[in-house]
Amino acid sequence: GQNIDQPTEMTATEGAIVQINCTYQTSGFNGLFWYQQHAGEAPTFLSYNVLDGLEEKGRFSSFLSRSKGYSYLLLKELQMKDSASYLCAVSRDDKIIFGKGTRLHILP
Amino acid sequence: DGGITQSPKYLFRKEGQNVTLSCEQNLNHDAMYWYRQDPGQGLRLIYYSQIVNDFQKGDIAEGYSVSREKKESFPLTVTSAQKNPTAFYLCASSGLGAIIGGNTIYFGEGSWLTVV
């Protein structure tokens, strides 16, 4: 995915907090999306960051550092339904490129 | 309701056949995309289009073709040249603001293609 890197899998416990990291090449960068995807379904939009800093939206927050080519998605008060893949996507030049996604497993 | 419609949901192809996946949107979006997803993998960009009668190759365009004769429609043809076409195919659309300003991209429900 043109050097968009995120961990392949992560495991966390129900009720806990988990942080999913994403690094990317900064050339031509416009902004960064996070999507959630349940198996066999289309991705659903979670967040978009274009400026540095933290954007909070309920239990989910997303952070961006443009100079470092780094973002993270923070999920709080984890619920079993949060078990899914989380996709980092970069808007670059004239297209949107996705990373390989992080499969998050939630344990009861 | 506005949205993106992909069809068919499930498609079986014999080796050597071409098949076409349909994608229609009524969101008045300028940009449309086709992604391929293999099991347990992320989305890889096949083709994208920002304007009618124009489109560009993505990362894995070989063995695929597209057309953009109407703003609403962006069909994908999987040709016999694509040697491993079994995958989940996702069509998406966005305003051009998604590229520079952050409007989200919207996905269809996807099409499962299996070679038999």
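Residues numbered from 1 in each chain as written. Chains lettered and ligands numbered in written order. Predicted model: local features only at pLDDT ≥ 70, side-chain atom pairs only at ≥ 80, totals over all residues. Heavy atoms only, no water.

## Re the nonpolar core
So, step 1. Core analysis: the biggest nonpolar cluster contains 42 residues, and Tyr86 and Phe98 of chain A together with Tyr35 and Phe107 of chain B have the highest contact counts within it.
So, step 2. Here the element with the most residues in this core is strand E9 (residues 84-92) of chain A; it accounts for 6 residues.
So, step 3. Grouped together as the second largest cluster of nonpolar side chains are 20 residues, Ile4, Leu11, Val78 and Tyr89 of chain B included. (Core = buried A, V, L, I, M, F, W, Y, C linked by side-chain atoms within 4.5 Å. Buried < 20%, exposed > 50% of the residue type's maximum accessible area, 1.4 Å probe, protein only. Helix = DSSP H or I, 4+ residues; strand = E, 2+ residues; numbered from the N terminus.)

## So, the pairing of strand E2 (residues 10-13) of chain B
All names here are of chain B.
So, step 1. Taking every second residue as pointing to the same face, the buried face of E2 carries Leu11 and Arg13, while none of Tyr10 and Phe12 on the other face is buried.
So, step 2. Alignment of E2 against strand E11 (residues 111-115), held across 4 bridges, turns out to be parallel. From the neighbouring strand, Tyr10 faces E11, where its bridge partner is Trp112. (Pairing = 2+ DSSP bridges.)

## Regarding the pairing of strand E6 (residues 53-57) of chain A
Residues and elements named next belong to chain A.
So, step 1. Relative to strand E7 (residues 60-65), E6 runs antiparallel, the two sharing 5 bridges. Across the sheet, residue Lys57 finds its bridge partner in E7, namely Phe60.
So, step 2. Where E6 folds back on E7, the antiparallel hairpin that results is connected by 2 residues, among which Gly58 adopts a positive phi of roughly 65°.

## Observations regarding the interface of chain B and chain A
The extent of an interface is frequently quoted as the accessible surface area lost upon association of the parts.
So, step 1. Listed as interface residues are 25 residues of chain B and, on the opposing side, 22 residues of chain A.
So, step 2. A buried area of about 1900 Å², summed over both sides, lies between chain B and chain A, and 55% of it is on carbon and sulfur atoms.
So, step 3. Across the contact surface, chain B and chain A share 0 salt bridges.
So, step 4. Linking chain B with chain A are 4 residue pairs in polar contact (both at pLDDT 80 or more).
So, step 5. Counting residues per element, the ones that place at least two in the side of chain B that touches chain A are strand E4 (31-37), strand E5 (43-51), strand E9 (87-94) and helix H1 (97-100) of chain B.
So, step 6. Considering each element in turn, the side of chain B that touches chain A owes the most residues, 4 residues, to E5 of chain B.
So, step 7. Residue composition of the side of chain B that touches chain A, grouped by class: 13 nonpolar, 10 polar and 2 charged. (Contact = heavy atoms within 4.5 Å. Buried area = accessible area lost by both parts, 1.4 Å probe. Salt bridge = Lys/Arg side-chain N within 4 Å of Asp/Glu carboxyl O. Polar contact = N/O pair within 3.5 Å; in protein donor to acceptor, adjacent residues only side chain to side chain. Nonpolar A, V, L, I, M, F, W, Y, C, P; charged D, E, K, R; others polar.)

## Regarding the layout of surface pockets
So, step 1. Size it by volume and the largest pocket reaches roughly 320 Å³.
So, step 2. Lining the largest pocket are 21 residues, with Ala39 and Gly40 of chain A together with Gln37, Pro39 and Gly40 of chain B sitting closest to its centre.
So, step 3. Counting residues per element, the lining of the largest pocket draws most heavily on E9 of chain A, which supplies 3 residues.
So, step 4. Split by residue class, the lining of the largest pocket holds 7 nonpolar, 10 polar and 4 charged. (1 Å grid on protein atoms, 1.4 Å probe; cavity = no way out; pocket = protein on both sides within 12 Å on 5 of 7 lines; lining within 4 Å. Points joined across faces, edges and corners; volume = space filled by probe spheres on them.)

## Details of the packing of aromatic side chains
So, step 1. Applying the stated criterion across every chain, the model contains 17 aromatic pairs over all chains.
So, step 2. Ring geometry for Tyr35 of chain A versus Phe107 of chain B: centroids 5.5 Å apart, planes at 85°, classification edge-to-face. With one member in each of two chains, Tyr35 of chain A in strand E4 (residues 29-37) and Phe107 of chain B in strand E10 (residues 106-107) form a pair that bridges those chains.
So, step 3. Residue Phe107 of chain B is classed as buried on the basis of its relative accessible area, which comes to 14%.
So, step 4. Consider the rings of Tyr47 of chain B and Phe55 of chain B, whose centres lie 5.9 Å apart with planes at 80°: the pair is edge-to-face.
So, step 5. For Tyr47 of chain B, a relative accessible area of 7% gives the class buried.
So, step 6. Among the residues examined, Phe55 of chain B registers a relative accessible area of 36% and is labelled partly exposed.
So, step 7. Chaining the aromatic ring pairs together yields one cluster made of Phe33, Tyr35, Phe45, Tyr48 and Phe98 of chain A together with Tyr33, Tyr35 and Phe107 of chain B.
So, step 8. One cation-aromatic arrangement involves Arg68 of chain B over Phe74 of chain B; the distance from NZ or CZ to the ring centre is 6.0 Å. (Phe/Tyr/Trp six-rings, centres within 6.5 Å; stacked < 30°, edge-to-face > 60°. Lys NZ or Arg CZ within 6 Å of the ring centre and 35° of its normal.)

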